[in-house]
Amino acid sequence: MLVEIGSMTSLRAGQIVYDALKDDDKVQLMFLETGRSNDLFEEKQFGEFGEAAVLTVIVDKNDQQEIFDRIFEQSELYEKDQGIISLNTKIIDEIKS
């Protein structure tokens, strides 16, 4: 069963996480989108907005905790105002043909 791990971090942190996970065999799919946010971050490069990364990682349920922890550590989410991370429920049970 696959699950989704989503995070919104600073652009710098999102790129670090992406680079750390891009060759990991436990990651089924990964998407990195960039943009600007007026939430979450203390550093604002554009007036009221800061550069942001939205990272979506699809993993097997058996690997979810390990990958979740790696994202948390790599993006330094234990620091104040660095972003958010969420673990979503299953996204697929089985593929029916």
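Residues numbered from 1 in each chain as written. Predicted model: local features only at pLDDT ≥ 70, side-chain atom pairs only at ≥ 80, totals over all residues. Heavy atoms only, no water.

**Considering the pattern of salt bridges**
Line of reasoning, step 1. Applying the stated rule across the entire model yields four salt bridges.
Line of reasoning, step 2. Among the salt bridges present, the one from Arg 12 reaches Glu 76, with a minimum N-O distance of 3.7 Å. In this pair, Arg 12 is assigned in helix α1 (residues 11–21) and Glu 76 in the loop between α2 (64–74) and β4 (83–92), connecting sequence segments 64 residues apart.
Line of reasoning, step 3. For Arg 12, a relative accessible area of 45% corresponds to the partly exposed category.
Line of reasoning, step 4. With a closest N to O distance of 3.8 Å, Lys 22 and Asp 19 form a salt bridge.
Line of reasoning, step 5. For Lys 22, a relative accessible area of 47% corresponds to the partly exposed category.
Line of reasoning, step 6. Judged by relative accessible area, which is 47%, Asp 19 ranks as partly exposed. (Salt bridge = Lys/Arg side-chain N within 4 Å of Asp/Glu carboxyl O. Helix = DSSP H or I, 4+ residues; strand = E, 2+ residues; numbered from the N terminus. Buried < 20%, exposed > 50% of the residue type's maximum accessible area, 1.4 Å probe, protein only.)

**Quick look at α1**
Line of reasoning, step 1. Of the positions making up α1, those classed as buried are Leu 11, Ala 13, Gly 14, Val 17 and Leu 21. The arc enclosing the buried residues of α1, seen along the axis, measures out at 160°, which places them on a common side.
Line of reasoning, step 2. Residues of α1 that are buried make contact with β1 (2–10), β2 (27–37), β3 (50–60) and α2. (Arc of directions from axis to C-beta. Contact = heavy atoms within 4.5 Å.)

**A word on the nonpolar core**
Line of reasoning, step 1. In terms of nonpolar packing, the biggest core is built from twelve residues, these being Val 3, Ile 5, Val 17, Leu 21, Val 27, Met 30, Leu 55, Val 57, Val 59, Ile 67, Phe 68 and Ile 71.
Line of reasoning, step 2. Broken down by secondary-structure element, the contributors of at least two residues to this core are β1, α1, β2, β3 and α2.
Line of reasoning, step 3. Leaving out residues up to four positions away in the same chain, Ile 67 has contacts with Ile 5, Leu 21, Asp 24, Lys 26, Val 27, Val 57 and Val 59. (Core = buried A, V, L, I, M, F, W, Y, C linked by side-chain atoms within 4.5 Å.)

**A closer look at the confidence of the model for the protein**
Line of reasoning, step 1. Of all residues in the protein, 77% have pLDDT values of 70 or greater, and the mean over the chain is 82.
Line of reasoning, step 2. Taking the mean pLDDT of every element in the protein, the minimum, 77, falls on β4 and the maximum, 93, on α2. (pLDDT = per-residue confidence, 0-100.)

**Observations regarding the pairing of β3**
Line of reasoning, step 1. Judged by how many residues are buried, β3 sits mostly within the fold: eight of eleven residues are covered.
Line of reasoning, step 2. As defined by bridge partners, β2 adjoins β3 across ten bridges and the pair is classed as antiparallel. Looking across to β3, one finds that Leu 29 is bridged to Ile 58. (Pairing = 2+ DSSP bridges.)

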